[in-house]
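Residues per chain, in single letters:
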Amino acid sequence: MSEKRYDVTALGELLIDFTENGLSGQGNTLFEANPGGAPCNVLAMLKKLGRSCAFIGKVGDDMFGHLLRDTAAQAGICMDHLVFDREARTTLAFVKTFENGDRDFSFYRNPGADMMLREEELPLEAIADSRIFHFGTLSMTHEGVRRATCKAVGHAKACGAVISFDPNLRPPLWDSLEEAKARIEYGLAQCDVLKIADNELEFMTGETDFDRGAAILREKYPNIRLFNVTAGAQGSYSFYEDKRVFVPACKRGGVIETTGAGDTFCASVLNFVLDHGLEGLSEADLAAMLSFANTAAYLVTTRKGAIRSMPEREEVEALLKQG
């Protein structure tokens with residue numbers, strides 16, 4: 001892959017995840033303000049792996065927006081292209097965590113500043129100077145930011161970037177699930193590298209069998225060169241050319257919540273692509289990729305939040321050596 005200023009540039013939402021953190025002395029639920037947002041979570045893990053990263057998005061010109069900018073910058077992510085909106089507030093998400101670590105979200109985003117990004121605010125030079133461009137669907141829930149996202153994707157493709165896509169389906173944020181499906185279809189048609197969760201695969205194909213679901217989408221979207229499916233506590237699958245590899249999840253207990261796990265997995269895959277490219281990958285390559293990604297994802301589930309909770313490379317490698 002050619003030399004460019006940024007290894008990965010991501011566009012999308014940057015928000016505060018309010019996660020449960022015990023009870024007050026009066027018995028009220030306490031919430032911790034964790035900086036997050038899937039695209040920036042991906043970049044935070046990539047920075048842990050030594051990659052140069054830039055973020056494109058919009059936050060409110062409020063206390064949370066400035067907290068997010070400062071947190072991401074402290075993580076080493078270039079935030080020069082973050083836009084502050086004086087009218088719309090920073091998006092907030094309240095996260096209910098269940099005993100098994102799964103989550104339910106309540107979003108405060110009507111509108112949220114991330115929805116207000118416009119085409120003319122895109123840093124086209126930075127996009128052109130990126131080896132990989134990563135995006136999801138939450139930057140396509142509303143017309144203005146959808147146009148901006150599509151322009152950014154088109155520009156990245158024209159400039160030779162590898163396109164990475166994560167559907168990151170959040171049903172409460174869509175006017176209809178049919179619209180959500182249409183936007184996911186757009187992402188599938190654009191990307192070279194896909195990370196899709198098991199529930200999203202079923203949503204798009206009606207199949208609960210991963211092999212059949214992957215086959216349907218791979219036939220419809222032959223542009224997807226590296227097709228990865230995450231299956232939570234079960235593990236993950238990679239489909240590449242005529243190869244199919246499954247690696248079980250890392251299960252060592254201590255899971256607190258799953259926020260950021262998929263983003264950590266996605267970042268680990270992109271790091272692999274930066275090292276190895278997308279040509280001539282073997283089953284052993286794919287297995288090594290999934291093993292690292294699964295282990296990194298496990299580690300982030302043992303902590304609260306995402307941007308500030310990404311594991312170091314050495315932590316992942318030490319756990320891998322333990323087998």
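Scroll up to find the structure this text is about.
Definitions and cut-offs
Residues numbered from 1 in each chain as written. Predicted model: local features only at pLDDT ≥ 70, side-chain atom pairs only at ≥ 80, totals over all residues. Heavy atoms only, no water. Helix = DSSP H or I, 4+ residues; strand = E, 2+ residues; numbered from the N terminus. Buried < 20%, exposed > 50% of the residue type's maximum accessible area, 1.4 Å probe, protein only. Areas by Shrake-Rupley, 256 points an atom, 1.4 Å probe, with all protein chains shown as cover. Phe/Tyr/Trp six-rings, centres within 6.5 Å; stacked < 30°, edge-to-face > 60°. Lys NZ or Arg CZ within 6 Å of the ring centre and 35° of its normal. Contact = heavy atoms within 4.5 Å. Pairing = 2+ DSSP bridges.

1. Description of the overall build of the protein chain
A count of helices and strands for the protein chain gives 10 helices and 13 strands. By principal-axis analysis of the C-alpha atoms, the protein chain measures approximately 55 × 45 × 40 Å. Per-residue burial over the protein chain gives 57% buried out of 323 residues. Just so you have it, the protein chain exposes about 13,400 Å², and 47% of that area is on carbon and sulfur atoms.

2. Re the packing of aromatic side chains
Throughout the structure, instances matching the rule amount to 11 aromatic pairs. When the centroid spacing of 4.7 Å and the interplanar angle of 10° are considered together, the rings of Phe 18 and Phe 94 count as stacked. A residue pair is termed long-range when its members are at least 10 positions apart, and Phe 18 in strand β2 (residues 15–23) and Phe 94 in strand β6 (residues 92–97) qualify at 76 residues. Judged by its relative accessible area of 11%, Phe 18 is buried. Relative accessible area serves as the criterion here: at 26%, Phe 94 is assigned to the partly exposed category. Ring pairing ties together the aromatic residues Phe 18, Phe 31, Phe 64, Phe 94 and Tyr 108, which thus form one cluster. Positioned above the aromatic ring of Phe 203 is the side chain of Lys 181, whose terminal nitrogen or guanidinium carbon lies 5.1 Å from the ring centre.

3. Considering the environment of Leu 49
Tracing the sequence through the fold places Leu 49 in the loop between α1 (38–48) and β4 (53–60). Leu 49 sits in the buried class, given a relative accessible area of 6%. As for Leu 49 and Ser 238, which are separated by 189 residues in sequence, their C-alpha atoms are 21 Å apart. Contact partners of Leu 49, with chain neighbours within four places excluded, come to Ala 267, Ser 268, Asn 271, Phe 292 and Arg 313.

4. Looking at the pairing of strand β8 (residues 130–136)
With seven of seven residues buried, β8 lies mostly within the body of the structure. Inspection of the sheet shows β8 paired to strand β9 (residues 162–166) by five bridges, in the parallel sense. Following the sheet pairing, Gly 136 is matched in β9 by Asp 166.

Any link to function would need more than the numbers given here.
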